[in-house]
Amino acid sequence: MEPNSRVNQQWEEPMSEAKPFCISKWEVWEAYKRVKANQGAAGVDEQSIADFERDLKGNLYKIWNRMSSGSYFPPPVRTVKIPKANGGERKLGIPTVADRIAQQVVKSRLEPAVDPLFHPDSYGYRPGKSAMDAVGRARQRCWRYDWIIDLDIKGFFDNIPRDRLLRAVKKHAREPWMVLYIERWLKAPEQEENGPLVPREKGTPQGGVISPLLANLFLHYAFDRWMAKRYPQCPFERFADDAIVHCRTEAEAQEVRAAIAARLRECGLELHPEKTKIVYCKDEDRRRTYPNEKFDFLGFTFRPRRSKNRWGKFFINFSPAVADKAVKAIRVEIRGWNLHLRSDKSIEDLSRMFNPIIRGWLQYYGRFYRSALYPPMRQLDRSLARWAERKYKKLRRHLRRATHWVARISRRDPKLWAHWQMGARHGSVAGAV
């Protein structure tokens, strides 16, 4: 349900009632629009955004009235566990829609005060910065530095010490109500499905609107500023709690790793002993052998790869390409589309349905070493061939003929599917089935 212009006009007006805390209705309205744009699951109250909008005016007024009067108390956070690629589980905390709006109000006030202070090589969840920026910078530095430290902070979001985080918030928050509500969010209990309330003594829920900003603020003091002061010769890229540090020698990497571990212990955190590793950036000119010669960062695997220079000569280059885990996830999603069961759709219908997802893969993972995406894209073409085999009588039980049919369509209309524009090296599935 789209809010009508009358609600819009009323909530864009400045605050008219006297309240202890100066929060305007316009701020709540803008926060609601951002939360709606980001969508997200329901919290413990099982209220979706559509449910919230059934009484949009009343629900927004309730948030504004309670926040501006100091009487806003967040409900428990719904926790869900999602599987991790390494076989473990990641715990996400999902606030209610109303609580996400309240968090967005505070984030919109706090972020302009702290973001300009953050290190230029902090890339996670920041305006004007992206994961692709971090991968590109890491790629350049791996060419200049022989070694990297691949850092993994054990249970980062669940273990941030509350007192240290609040100390940083108080240093930068311009209004006392911002500190008040952040402290309440940090203390809000968790609730698993059909489970009891579980109090939280530390951490910030991974999944909360304000959590990424708080995480960046904590690591700004715990890691970024400390690294810049203690080891200015060792640049790094950090995306939230995922970070790599560049070093010139193995001895320097060993020293810096030990110092970082000690620093994080001082700040109440711990490096994962198995997942944190030192990696040798082996290439054409770096010939020694080392146990670790590759690492994953933000969905890309950095390792020695065969590349071609501008003169057509091949050489070994340490560079990123889509990680095997990401390729596996792409393959699983393509299989989940069940294209062969959609014979009621035309090929144009299918392209409209799935091209936005494919473009997202190509724009992100295809930025570096694009040819690593050819195998999962060929799988997509094979799925289209099986779809064509079931849809058209003349192709039934003739998968090879269906394969050639898809190949002809890809040559005739290469813009129909996003991956058909990857170039002649990809081709289609002709002969690949």
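Residues numbered from 1 in each chain as written. Predicted model: local features only at pLDDT ≥ 70, side-chain atom pairs only at ≥ 80, totals over all residues. Heavy atoms only, no water.

Concerning the packing of aromatic side chains
Here is step 1 of the chain: One pass over the full model with this rule turns up 23 aromatic pairs.
Here is step 2 of the chain: Plain terms: the ring middles of Tyr61 and Trp64 are 5.5 Å apart, the flat faces sit at 55° to each other, and that makes the pair tilted. Of this pair, Tyr61 and Trp64 both sit in helix H4 (residues 56-69), 3 residues apart, which is roughly one turn of the helix.
Here is step 3 of the chain: Centroid distance Phe223 to Phe236: 5.1 Å. Interplanar angle 70°. Geometry classified as edge-to-face. Taken together, the residues span a long stretch of sequence, with Phe223 in helix H10 (residues 211-230) and Phe236 in strand E6 (residues 236-239) at a distance of 13 residues. (Phe/Tyr/Trp six-rings, centres within 6.5 Å; stacked < 30°, edge-to-face > 60°. Helix = DSSP H or I, 4+ residues; strand = E, 2+ residues; numbered from the N terminus.)

Some points on the sheet that holds E6
Here is step 1 of the chain: Reading across the sheet, the 4 strands line up as E6-E7-E3-E8 and stay open at both edges, with antiparallel pairing between neighbours. Only two strands of the sheet have a single partner each, and these edge strands are E6 and strand E8 (277-280). Averaged over all neighbouring strand pairs, the angle between strand axes comes to 20°, with direction disregarded.
Here is step 2 of the chain: Bridge analysis of strand E3 (residues 147-152) against E8 gives 4 bridges, and the strand direction is antiparallel. Bridge pairing links Asp150 to Lys277 in E8.
Here is step 3 of the chain: Sitting on the sheet, helix H6 (residues 131-144) is in contact with E3, E6 and strand E7 (242-247), with an inclination near 160° to E6.
Here is step 4 of the chain: Running at roughly 175° to E6, H10 makes contact with E3, E6 and E7 of the sheet. (Pairing = 2+ DSSP bridges. Axes fitted to C-alpha atoms, helices over the stretch in contact; angles between N-to-C directions. Contact = heavy atoms within 4.5 Å.)

A few points about the state of the cysteines
Here is step 1 of the chain: Counted according to the given criterion, the structure contains 0 disulfides.
Here is step 2 of the chain: Free cysteine: Cys234, not disulfide-bonded; nearest cysteine sulfur from Cys247 at 4.0 Å.
Here is step 3 of the chain: Given a relative accessible area of 2%, Cys234 falls into the buried group.
Here is step 4 of the chain: No disulfide involves Cys281; its sulfur sits 4.0 Å from that of Cys142, the nearest cysteine.
Here is step 5 of the chain: Overall, Cys281 belongs to the buried group, its relative accessible area being 0%. (Disulfide = S-S within 2.5 Å. Buried < 20%, exposed > 50% of the residue type's maximum accessible area, 1.4 Å probe, protein only.)

As for the pairing of strand E1 (residues 77-83)
Here is step 1 of the chain: Across 3 bridges, E1 lies against strand E4 (residues 190-192) in parallel orientation. Its bridge partner lying in E4, Val77 is registered against Glu190.
Here is step 2 of the chain: Of the strand pairs in this sheet, E1 and strand E2 (residues 89-94) are connected by 6 bridges, and their pairing is antiparallel. Pairing of Pro83 across the sheet is with Glu89, part of E2.

Here we look at the sheet that holds strand E11 (residues 314-322)
Here is step 1 of the chain: In space, the 3 strands of this open sheet follow the order E9-E10-E11, with antiparallel pairing throughout. Where the open sheet ends on each side, the last strands, each with one partner, are strand E9 (295-297) and E11. This sheet shows a mean twist of 50° between the axes of neighbouring strands, independent of strand direction.
Here is step 2 of the chain: As paired elements, strand E10 (residues 300-308) and E11 share 9 bridges and run antiparallel to each other. Each residue of the ladder has a partner; that of Phe302, found in E11, is Pro320.

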